[in-house]
Amino acid sequence: MIEIDNVSFRHGVAPVLQDVTLLLPKGGLTALVGPNGAGKSTLFSLMARLLKLQSGEIRFDGMDVATTTSMELARKIAILRQDTHVTARLTVRDLIGFGRFPHHRGRPGPDDEEMIEKGLELFELSGLSERYIDELSGGQRQRALVAMAYVQDTDYLLLDEPLNNLDMHFARTLMKQLRYLADRYGKTIVVVLHDINYAAAYADRIVALKDGRLSAQGTPEEIMTADCLGALFDMEIVIETVRGRRIALHHAG
Amino acid sequence: MTRTRDRSKRLQGVPAGLFWLAGPVLAGLVVASLLTGVADLDLDGRFSGEAVELLLVSRLPRTLAALLSGASLAVAGTIMQMLARNRFVEPTTAGTAECAALGLLLVTLLLPSSSLFIKMIVASASALAGTALFVTLIRRLPPTQPLMIPLTGIVFGSVVGSVVMFIAYETDLLQYAGVWMTGEFSGVVKGRYELLWGSGAALVIAYVFADRFTIAGMGKDVSVSLGLNYRQVLWIGLLIVSQITAFTVITVGMLPFVGLVVPNIVRRTMGDNTRQVLPLVALTGGALVLASDVIGRLIRYPYEIPAATIFGVAGTAIFLWLLFSRQAQRG
């Protein structure tokens, strides 16, 4: 369970997050949505301990991010930022292998090798395993980074806009893979998403932020209404049901 | 199973080939270095006592000094490039060497009777402070302009270097300053190079932390995600680099470009996984510096040209080639 308790954050004097309190149960895929500047990435960074908490508390299964050692948290939470840009010239296999570092701390054993093989296979990277990441396309590199977070083998997986560099094909594949990780391995996944339709199609829960406050949370059915999304994004959004799925027609109108 | 196959394929490829090549080349260089010199090494038939003494007192220490300083500077360059996430930084393009010289100059002036140990401490502390300042400076630079970082470092190093020269000029210590900044091995005899084993120890420590340097090289976010204490790794890296630089400046003088050229050559074939490349980086650095020293001894025999000068000329050529061939690759 992720407990976010009364979290506020300000950049200088400007408040970015105000009194956010949120409980996310263990298991399932949660999408964090909201307009630009709503504080999604800040909340993500606080959960991922990339930013220091100013007030409030965040706990993963009771482990307080402010007081638990980083190494211990690295075996509990894997994170991937949207602007992760690895300049080092590493092979795909070596890059993914570093995801095992919190477990082996420099001395990989057979379990680590096995996990790396699984990661390569699951993210369809086996054929690219000996290629250097600077020779890959943006989408392939993104997949390698997600695979690296996967082999970290944590209960929690936090991803900040992982679909950014991906075309439709890989975006859908990645969301399906995240869904699979949640269903098959019971992982708790939190994804910051821009596209509300991806959130509706793959998430169990949608959490909406607006102006640094919690604006709405619920199942996709509860959030995907004209009223709720209209209020969230300050625009008129038509919701249509196509083949049993609710689709927000937000791109034209 | 597939794993083993992949590994062996890679080991039989270029990197393994390089290792097999490096071994005999290095052995040949060591023999050449032991046999090259003004004093006659009479080896026909039997070892005379004199010849053995010449070998043990002069030629062997000189050879070891070249190997140790070359290997450690190349490794220092690798670590700096990882931590700065920039391929163009090394101890002389980040002000580290100049700051070590400044510390050494000040301690020579202010505490002339201090022991070598004290001098060493002051020089490495000064190198560490200077490099930390450089790291703080480059944080403010735009990441889209990779050449800004070494340019800033060179300007910073030149400013510190000018201060060193000015103080040295005013206090009649110019000769010392010249010796510190131009690496050469003619003065190396038994008893006057052993500090360089400190660099050897720093190499071992660098190898222990190799994975952490690679992770730090992937950026702060990845480091945090993998549970690494980023600041701690950064400081350990800076400490290793400033130790190596200070040891080199005090014993044989600075060898510019070693830390720049060697890691860039090795990276082209073996990539950036520090644990994998470190042995080859050290081997190549040692071999190239030793080769420079042997060439410097032969080119105007019986006079000598400093190894730093030879390496500077050859290193510049190699570096230009690396720079232009990389552009060609991209274009």
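Residues numbered from 1 in each chain as written. Chains lettered and ligands numbered in written order. Predicted model: local features only at pLDDT ≥ 70, side-chain atom pairs only at ≥ 80, totals over all residues. Heavy atoms only, no water.

For chain A, the name recorded in an unreviewed UniProt entry is ATP-binding cassette domain-containing protein, with Roseibium aggregatum as its organism. If you open the UniProt record of chain A and go to Subcellular location (unreviewed entry), you find "Cell membrane". Under the UniProt heading Sequence similarities (unreviewed entry), the entry covering chain A gives this text: "Belongs to the ABC transporter superfamily." (UniProt positions renumbered as here; feature names shortened; annotations may be inferred.)

I tried to follow the overall build of chain B on my own but got confused; where do I start?
Secondary structure assignment for chain B yields 14 helices and zero strands. For chain B, the succession of helices and strands along the chain, N to C, is α-α-α-α-α-α-α-α-α-α-α-α-α-α. Expected size for 331 residues packed as a compact globule is a radius of gyration near 20 Å; at 20 Å, chain B falls within 12% of this value. Its C-alpha atoms put chain B at 60 × 55 × 35 Å along the principal axes. Within chain B, the fraction of its 331 residues that count as buried is 52%. Pairs at least 24 apart in sequence give 77% of the contacts found in chain B among residues at least 6 apart. On chain B, roughly 15300 Å² of surface is accessible, and the fraction owed to carbon and sulfur atoms is 68%. Put simply, chain B has 25 plus and 17 minus side-chain charges, and the middle of one group is 16 Å from the middle of the other. (Helix = DSSP H or I, 4+ residues; strand = E, 2+ residues; numbered from the N terminus. Rg over C-alpha atoms; globule rule 2.2 N^0.38 Å. Buried < 20%, exposed > 50% of the residue type's maximum accessible area, 1.4 Å probe, protein only. Contact = heavy atoms within 4.5 Å. Areas by Shrake-Rupley, 256 points an atom, 1.4 Å probe, with all protein chains shown as cover. Lys, Arg positive; Asp, Glu negative; His and termini not counted. Charge placed at Lys NZ, Arg CZ, Asp CG, Glu CD.)

In this structure, what is going on with the pattern of salt bridges? I would like to understand it.
Two side chains that carry opposite charge are able to pair once their charged atoms sit near each other. Residues and elements named next belong to chain A. Scanning the entire structure with this criterion turns up 24 salt bridges over all chains. A salt bridge links Lys-76 to Asp-155; its shortest N-O distance comes to 3.1 Å. Separated by 79 residues along the polypeptide, Lys-76 in the loop between helix H2 (70–74) and strand S6 (77–80) and Asp-155 in the loop between helix H6 (138–151) and strand S7 (156–160) bring together distant segments of the chain. Classification of Lys-76 as buried rests on a relative accessible area of 14%. Residue classification places Asp-155 among the partly exposed positions, given a relative accessible area of 31%. Lys-210 serves as the salt-bridge partner of Asp-234, at 3.2 Å between the closest nitrogen and oxygen. Here Asp-234 is found in the loop between helix H10 (226–233) and strand S11 (238–242), whereas its partner Lys-210 is found in strand S9 (residues 205–210), with 24 residues between them in sequence. Each member of the salt-bridge network shares a partner with another, and the members are Glu-3, Asp-5, Glu-57 and Arg-59. (Salt bridge = Lys/Arg side-chain N within 4 Å of Asp/Glu carboxyl O.)

Which parts of the structure should I look at to understand helix H13 (residues 274–298) of chain B?
Because each turn of an α-helix spans 3.6 residues, side chains separated by three or four positions in sequence point in the same direction. The first and last C-alpha atoms of H13 of chain B sit 35 Å apart over 25 residues, in line with the 36 Å expected at 1.5 Å per residue. A large share of H13 of chain B lies buried, amounting to 18 of its 25 residues. (Expected span 1.5 Å × (residues − 1).)

In this structure, what is going on with the nonpolar core? I would like to understand it.
Among soluble globular proteins, nonpolar side chains are generally buried collectively. Formed by 149 residues in total, the largest nonpolar core has its most connected members in Val-92, Leu-95, Leu-125, Leu-178 and Ile-189 of chain A together with Phe-185 and Met-218 of chain B. The greatest single-element share of this core, amounting to 14 residues, is contributed by helix H3 (residues 49–84) of chain B. Counting residues domain by domain, this core receives three or more from each of domain 1 (1–76 + 154–217) and domain 2 (85–153) of chain A. Residues in contact with Ile-189 of chain A, not counting those within four places in the same chain, are Gly-28, Leu-29, Thr-30, Leu-157, Leu-159, Leu-178, Leu-181 and Ala-182 of chain A. Formed by 29 residues, the second largest nonpolar core is a distinct cluster that contains Leu-17, Leu-22, Ala-38 and Leu-73 of chain A. (Core = buried A, V, L, I, M, F, W, Y, C linked by side-chain atoms within 4.5 Å. Domains from an automatic or database assignment.)

Just to check I follow, could you spell out unusual backbone geometry for this structure?
A cis amide bond links Tyr-301 of chain B to the next residue, Pro-302 of chain B, at an omega of 5°. Of note in the backbone geometry, Glu-124 of chain A takes a positive phi value of approximately 55° without being a glycine. Note on placement: Glu-124 of chain A falls in the loop between helix H5 (110–122) and H6. A relative accessible area of 52% means that Glu-124 of chain A is categorised as exposed.

Even after reading the chapter, I still don't get the sheet that holds S6 of chain A, so can you show me in this structure?
What holds strands together in a sheet is hydrogen bonding between their backbones, with the strands either parallel or antiparallel. All names here are of chain A. Ordered in space as S6-S7-S8-S3-S9-S10, the six strands form an open sheet in which the pairing is mixed. Unpaired on one side and paired on the other, S6 and strand S10 (213–218) mark the two borders of the sheet. Strand-to-strand, the axes of this sheet are offset by a mean angle of 15°, without reference to chain direction. Of the strand pairs in this sheet, S6 and S7 are connected by four bridges, and their pairing is parallel. The residue bridging Ile-79 from the neighbouring strand is Leu-158, located in S7. (Pairing = 2+ DSSP bridges. Axes fitted to C-alpha atoms, helices over the stretch in contact; angles between N-to-C directions.)

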